[in-house]
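Coordinate analysis (summary)
Spelled out from the first residue to the last, the chains are:
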Amino acid sequence: MNKTLPILVASAFAAGAFAQGQPAPAQPTPAPGGATSFASLDQNADQKISKAEAAADRGLNASFTTLDADKDGALTMTEYAKHVPMR
């Protein structure tokens, strides 16, 4: 038992130091009005926001079906602008 405790303590410190060195996951960039920017949501840079990509913005995700005017399953910049008026 006496030999185990120092090993456990050292392991805990090493794990904490390792976790601190990891970069934080990318967060979508807020756009005017508190929504997430089109470029941040368009993860594959295809100039459209898919339903899966829209899930990163709760408000956009909730109104996705309404905003998708042509019902193709993706939002164009024009469709997205109805959610977040460009300034």
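Applying the stated criterion across every chain yields a total of 1 aromatic pair. When the ring of Phe38 is compared with that of Tyr80, the centres are 5.5 Å apart and the planes differ by 70 degrees; the resulting orientation is edge-to-face. Separated by 42 residues along the polypeptide, Phe38 in helix α2 (residues 38-41) and Tyr80 in helix α5 (residues 77-81) bring together distant segments of the chain.

Moving on: helix α4 (residues 58-67). Within α4, the full set of buried residues consists of Leu60, Phe64 and Leu67. Seen end-on, α4 carries its buried residues on one side only, within an arc spanning 90 degrees. Turned more than 90 degrees off the buried face of α4, the exposed positions are Arg58, Ala62, Thr65 and Thr66. Where α4 is buried, its residues touch α2, β1 (49-50), α3 (51-54), β2 (74-75) and α5. Capping the start of α4, Asp57 holds a side-chain oxygen 3.1 Å from the backbone nitrogen of Gly59, two or three residues further along.

What follows deals with the nonpolar core. The biggest cluster of nonpolar side chains holds 10 residues, and these are Phe38, Leu41, Ile49, Ala54, Leu60, Phe64, Leu67, Leu75, Tyr80 and Val84. No other element matches the 3 residues that α4 contributes to this core. When residues no more than four places from it in sequence are discounted, the contact partners of Leu67 are Leu60, Leu75, Glu79, Lys82 and His83.

What counts, and where the lines are drawn
- Residues numbered from 1 in each chain as written.
- Predicted model: local features only at pLDDT ≥ 70, side-chain atom pairs only at ≥ 80, totals over all residues.
- Heavy atoms only, no water.
- Phe/Tyr/Trp six-rings, centres within 6.5 Å; stacked < 30°, edge-to-face > 60°.
- Helix = DSSP H or I, 4+ residues; strand = E, 2+ residues; numbered from the N terminus.
- Buried < 20%, exposed > 50% of the residue type's maximum accessible area, 1.4 Å probe, protein only.
- Arc of directions from axis to C-beta.
- Contact = heavy atoms within 4.5 Å.
- Polar contact = N/O pair within 3.5 Å; in protein donor to acceptor, adjacent residues only side chain to side chain.
- Core = buried A, V, L, I, M, F, W, Y, C linked by side-chain atoms within 4.5 Å.

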